[in-house]
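Structural overview
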Amino acid sequence: MAGDKLGKSAGNAVWLNRDKTSPFELYQYFIRQEDASVERLLKLLTFLPISEIEHIMEIHWKEPEKRIAQKRLAAEVTKLTHGKDGLETAKRCTHAFYHSSVKALEEMSEEELQELFREAPFCELLLESGTTILDMCRKAKAIPDGPKGCCCRLIRSIMPCVLWCCVAVT
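Below: a short report on this structure. (Residues numbered from 1 in each chain as written. Predicted model: local features only at pLDDT ≥ 70, side-chain atom pairs only at ≥ 80, totals over all residues. Heavy atoms only, no water.)

With that settled, consider the overall build of the chain. Helix and strand content of the chain: eight helices and zero strands. Helices and strands appear in the chain in the N-to-C order α-α-α-α-α-α-α-α. Taking all 170 residues of the chain together, the buried fraction comes to 34%. Of the contacts formed within the chain by residues at least 6 apart in sequence, a portion of 52% connects residues at least 24 apart. For the chain, the accessible surface area stands at approximately 11200 Å², while carbon and sulfur atoms represent 56% of it. (Helix = DSSP H or I, 4+ residues; strand = E, 2+ residues; numbered from the N terminus. Buried < 20%, exposed > 50% of the residue type's maximum accessible area, 1.4 Å probe, protein only. Contact = heavy atoms within 4.5 Å. Areas by Shrake-Rupley, 256 points an atom, 1.4 Å probe, with all protein chains shown as cover.)

Here is the structure:
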């Protein structure tokens, strides 16, 4: 945030309304905060005691790559804004999206799935019986044409999204 504009005109506004900023988006916004900003934001946006914030920052600076302070900031603000259920939604979405967790996808409600994939490009396909996942991905232009072997890793990486799409259509 070092001097960058924040707000509607900059295209990075954070809303307290779930219809404009889902719990997942709010959570991720605070996870992405720079190390230099996180302590100030913990003091401004949470009700944590100063001594606890200092302790969080002390732990954070030992291993900043773990983003401990950002995770705590994200959790506190999301819980304040959307409640405990909203925080759990954000964590499930994060686990599904960033850790390719099919289990997390299975546990998500339809509303959570729609929020998670709200900005994702999509296409509607009418598939014939017996269509393979590979053929479906190619028809949707999600993967390039080519030998089947080169696409297996790509399909495994997008499988949670493909599975969600198949469930949403059926």
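The rest of the description comes next.
A pair of packed helices is captured by two measures, namely the crossing angle of their axes and the spacing between those axes. Running from amino to carboxyl end, helix α2 (residues 35-45) crosses helix α3 (residues 50-62) at an angle of 160°, the nearest separation of the two axes being 10 Å. Our classification of the angle between α2 and α3 gives roughly antiparallel. When the axes of α2 and α3 are compared, the crossing they make is right-handed. Across the interface between the two elements, Asp-35, Val-38, Glu-39, Leu-42 and Lys-43 of α2 pack against Ile-50, Ile-53, Ile-56, Met-57, His-60 and Trp-61 of α3. (Axes fitted to C-alpha atoms, helices over the stretch in contact; angles between N-to-C directions. Parallel < 35°, antiparallel > 145°, perpendicular 65-115°, else oblique. Left-handed = near helix turned anticlockwise from the far one by under 90°.)

The next subject is the nonpolar core. Counting 19 residues, the largest nonpolar core has Tyr-27, Phe-30, Val-38, Leu-42, Met-57, Ala-69 and Leu-73 as the members making the most contacts within it. Residue assignment for this core shows that the elements contributing at least two residues are α1 (23-31), α2, α3 and α4 (68-99). In terms of residue count, α4 provides more of this core than any other element does, seven residues in total. Residues contacting Met-57, with those up to four places away along its chain left out, are Val-38, Glu-39, Leu-42 and Ala-69. Membership of the second largest hydrophobic core comes to nine residues, among which are Leu-105, Met-108, Leu-116 and Phe-117. (Core = buried A, V, L, I, M, F, W, Y, C linked by side-chain atoms within 4.5 Å.)

With that out of the way, let us pick up the packing of aromatic side chains. Taken as a whole and judged by the stated rule, the model has four aromatic pairs. A centroid spacing of 5.9 Å and a plane angle of 65° characterise the contact between Phe-24 and Phe-97, whose relative ring orientation is edge-to-face. With a gap of 73 residues between them, Phe-24 in helix α1 and Phe-97 in helix α4 connect regions that are remote in the sequence. When the centroid spacing of 5.0 Å and the interplanar angle of 80° are considered together, the rings of Phe-97 and Tyr-98 count as edge-to-face. Aromatic ring contacts, followed pair by pair, group Phe-24, Phe-97 and Tyr-98 into a single cluster. Across the ring face of Trp-15, the terminal group of Lys-20 is positioned such that the distance to the ring centre comes to 4.2 Å. (Phe/Tyr/Trp six-rings, centres within 6.5 Å; stacked < 30°, edge-to-face > 60°. Lys NZ or Arg CZ within 6 Å of the ring centre and 35° of its normal.)

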